[in-house]
Amino acid sequence: MNFSMTFCCVFLAVCIIFSLLTAVPMVADAAGPPKKTKSKSQTSDKKGETKVPEVKLSDLNVIDRGLVEETPKSKTIIKEHQNYCFKTEEQNFRGEILGYVTPWNSHGYDVAKLFGGKFSMVSPVWLQVKRSGDGFRVEGGHDIDKGWMNDVKKQQRKVKLMPRLLFDGWAGRDYQYIFSNENAIQKLSRTILDFYQKYKFDGVVLEVWSQLGGQRRSDLAHVIVHICETFHKQQLKCVLVIPPPIMPQGSSMFSKDDFEALEPVVDGFSLMTYDYANGGRPGPNSPIDWIKKCVQAISPEKDSRRKKILLGLNFYGYMYGTAAGAEPVVGHRYIQLLKKQKLKWLSDAGEHVFEYKENSRVHQVFYPTLKSIKMRLELAEDLGTGISIWEIGQGLDYFYDLL
């Protein structure tokens, strides 16, 4: 009896440890949905062995190949999604392009190396700044990959490497400390600059505005201005991540007044025009009319200031109707779900969707397509803005023909 109980306890402990070691991590982020760590598009055969689809480079881009359409066939997307034009340095979009890269979607590293010539800025999501007593420290340096940085900038490309910096784990008292202390602001700015100069980065992408939920805006703007001015003195760029000024619930954390206060010193505004819908309110991820209204809300006139806005494009999607209400969908998962499904074009939203039924549940899947991306690029050019992409490890390879 004692032996049996001992054996069961040991066996249970081993199972628990094994499950912890093999679990797939989930990473939440302020600039997008939770993501699962997984490699680029792959499929499995009947034996469960992983197969990497064959890539066939084309002499023509996706437009010339007739792939940008309102009624694409699922089998065509599955066949062509990894087949891109060999002219990977050719730029087709006139504005600035910022592409985010995350460690948990490692294919983004390959995309940045391959298509780096198309981007103005690449922002790896590596770093966090934290308060440490009366000072500050930058964490995340273990993710920095100098070899990859060299590969992205190969052949004298003009792309700038600007890691995102997240104000991580800050409590109200931490913000109050810098809001009431000019010396603390200087120390914070200098700590960030010293770290970025150490690794020879070209600038910083700051993610801090949404953390305070729209509160203490003038105080926060003062801090941001100081950081950006500190960077400018060393000829480095400063981009700010901002939430959309218009949301379905009506609340706004960023306004025209905020834009006008920051525009003289901020080099770019990474506008998060995605995640319009959610599990409780399923629908298009980024309705095109809403994107236009968001840009016009903070910059009514098409002038030189509007060029600093980087209209946000999602390269991920969502599946609705799950037990949790919704779950994120990235490229390889989309291709798996797409088999034998019929895409429907929603002209008002400028997005594709398909539905399928599984275990008595009806699922809706929204994910970007060549047509939806092309429409948003045309909108950005018409509005006179650049674009920012969250994030390039989640898309399909032939998307980059459009950039």
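Residues numbered from 1 in each chain as written. Predicted model: local features only at pLDDT ≥ 70, side-chain atom pairs only at ≥ 80, totals over all residues. Heavy atoms only, no water.

A. Spatial organisation of the pattern of salt bridges. Under the definition given, this model contains 18 salt bridges. A salt bridge links D174 to R131, with the shortest nitrogen-to-oxygen separation between them at 3.2 Å. Linking D174 in helix α5 (residues 172-179) with R131 in strand β7 (residues 127-132), this pair joins segments that are 43 residues apart in sequence. The exposure class of D174 is buried, given its relative accessible area of 10%. The class for R131 is partly exposed, based on a relative accessible area of 25%. In this structure, the salt-bridge partner of E351 is R376, at a minimum N-O distance of 3.6 Å. (Salt bridge = Lys/Arg side-chain N within 4 Å of Asp/Glu carboxyl O. Helix = DSSP H or I, 4+ residues; strand = E, 2+ residues; numbered from the N terminus. Buried < 20%, exposed > 50% of the residue type's maximum accessible area, 1.4 Å probe, protein only.)

B. Main features of the side chain of T322. As for its position among the elements, T322 is in the loop between β15 (317-320) and β16 (326-329). With relative accessibility at 10%, the residue T322 sits in the buried group. Here the side chain of T322 touches A326 through a polar contact of 3.2 Å, landing on its backbone nitrogen. Here T322 is in contact with E327, R361 and H363, once residues within four sequence places are set aside. (Polar contact = N/O pair within 3.5 Å; in protein donor to acceptor, adjacent residues only side chain to side chain. Contact = heavy atoms within 4.5 Å.)

C. Summary view of the sheet that holds strand β6 (residues 121-124). Strand order in the open sheet formed by 11 strands is β8-β7-β10-β11-β12-β13-β14-β20-β5-β6-β9, and the pairing between neighbours is mixed. Only two strands of the sheet have a single partner each, and these edge strands are β8 (135-139) and β9 (160-161). Direction of pairing for strand β13 (residues 268-271) relative to strand β14 (residues 309-314): parallel, over a ladder of 3 bridges. Bridging across to β14, F269 finds its partner in I309. Sitting on the sheet, helix α6 (residues 182-198) is in contact with β7, β8, β10 (164-167) and β11 (203-207), with an inclination near 25° to β8. (Pairing = 2+ DSSP bridges. Axes fitted to C-alpha atoms, helices over the stretch in contact; angles between N-to-C directions.)

D. Focus on the environment of Q296. Summarising the element assignment, Q296 is placed in helix α9 (residues 288-298). Using a relative accessible area of 32% as the deciding quantity, one classes Q296 as partly exposed. Taking C-alpha positions, Q296 is 9.0 Å from R306, a pair spaced 10 residues apart along the chain. The contacts of Q296, once residues within four sequence positions are left out, are R306 and L383.

E. Inspection of helix α7 (residues 217-232) at higher detail. With 16 residues, α7 extends 22 Å between its outermost C-alpha atoms, agreeing within 8% with the 22 Å of an ideal straight helix rising 1.5 Å per residue. Of the positions making up α7, those classed as buried are L220, A221, V223, I224, V225, H226, I227, C228, T230 and F231. Buried residues belonging to α7 abut β10, α5, α6, β11, β12 (237-242) and α8 (256-262). (Expected span 1.5 Å × (residues − 1).)

F. Region of interest: unusual backbone geometry. Cis geometry is adopted by the peptide bond preceding E391, which originates at W390 and carries an omega value of -25°. With respect to the helices and strands, E391 occurs in the segment after β20 (386-390). Although it is not a glycine, Q235 adopts a positive phi angle of roughly 60°. Structurally, the position occupied by Q235 is in the loop between α7 and β12.

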